[in-house]
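Read off the chains here:
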Amino acid sequence: LGLSLLLTSCWWTPQEIDPPQPEYEAVTMSRSALESSVQLMPPQSINKSGKIYIMESLMVINDVNRGFHIYDYSNPEQPVAVAFLNMPGATDVAMRGLTMYINQAVDLVTLYYNSSANTISVQSRNRNVFPQKMVPSGFADYSQNDQIIIDWIPID
């Protein structure tokens, strides 16, 4: 009797379980829009700070999935905002001198920052080096070949 009660409590049918509902929505861009989005803009406020990188008199702060805030760090007591590097989908940077190596969504972008003229020039773009950004909850699948995920936003 005990064994039969135990086994009946473990019985389920697939109809009893609802599939998980997506909690996030993908923010996407076309390949051409992603590549043309890289631009240097006037300083902006930080929305969601990420990694901070300091190289000599330059400080770069990642604004997760938006780009990078560039500061003159010659006086560490009072950094001065110089520019915002717009790069949707970017989350990390490495630097060697004034050459920046940035992951922008699925691409590895190499660009040169001219600090005296406050300009950038894209040196190269290695496409599809990284996988598409994963949904934070892990319960969604996104596969549109012509779109690149630059962020995930919660669904209200």
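Our subject is the structure that appears above.
Conventions adopted
- Residues numbered from 1 in each chain as written.
- Predicted model: local features only at pLDDT ≥ 70, side-chain atom pairs only at ≥ 80, totals over all residues.
- Heavy atoms only, no water.
- Salt bridge = Lys/Arg side-chain N within 4 Å of Asp/Glu carboxyl O.
- Helix = DSSP H or I, 4+ residues; strand = E, 2+ residues; numbered from the N terminus.
- Buried < 20%, exposed > 50% of the residue type's maximum accessible area, 1.4 Å probe, protein only.
- Pairing = 2+ DSSP bridges.
- Axes fitted to C-alpha atoms, helices over the stretch in contact; angles between N-to-C directions.
- Core = buried A, V, L, I, M, F, W, Y, C linked by side-chain atoms within 4.5 Å.
- Contact = heavy atoms within 4.5 Å.

## Some details on the pattern of salt bridges
- Summed over the entire model, instances satisfying the criterion amount to six salt bridges.
- The partner of Lys 51 in a salt bridge is Asp 92, and the shortest N-O contact between them spans 3.1 Å. Here Lys 51, found in strand 3 (residues 49–55), pairs with Asp 92, found in strand 7 (residues 90–96); they are 41 residues apart in sequence, far enough to count as distant.
- Taking relative accessible area as the criterion, Asp 92 reaches 28% and is therefore assigned partly exposed.
- With a shortest N-O distance of 2.6 Å, Arg 66 and Asp 63 are connected by a salt bridge.
- Accessibility expressed as a relative area gives 22% for Arg 66, which makes it partly exposed.
- Through salt bridges with shared partners, a single ionic network connects Arg 31, Glu 35, Asp 107, Arg 125 and Arg 127.

## Here's the deal with the sheet that holds strand 2 (residues 39–41)
- The five strands lie next to each other as 2-6-5-4-3, forming an open sheet whose pairing is antiparallel. Each having just a single partner strand, strand 2 and strand 3 make up the two edges of the open sheet. Across this sheet, the average inter-strand angle for adjacent strands is 25 degrees, counted without regard to direction.
- Direction of pairing for strand 3 relative to strand 4 (residues 58–63): antiparallel, over a ladder of five bridges. What sits directly across from Met 55, in strand 4, is Leu 58.

## As for the nonpolar core
- Of all hydrophobic cores here, the largest spans 15 residues; its most connected members are Phe 68, Leu 85, Met 87, Met 100, Ile 102 and Leu 111.
- Within the residue set of this core, elements represented by two or more residues are strand 4, strand 5 (67–72), strand 7, strand 8 (99–104) and strand 9 (107–114).
- Those residues in contact with Ile 102 that lie beyond four places of it in its chain are Phe 68, Leu 85, Met 87, Ala 90, Asp 92, Val 93, Asp 107, Leu 108, Val 109 and Leu 111.
- Among the nonpolar cores identified, the runner-up in size contains six residues, and Met 29, Ala 105, Ile 148 and Ile 150 belong to it.

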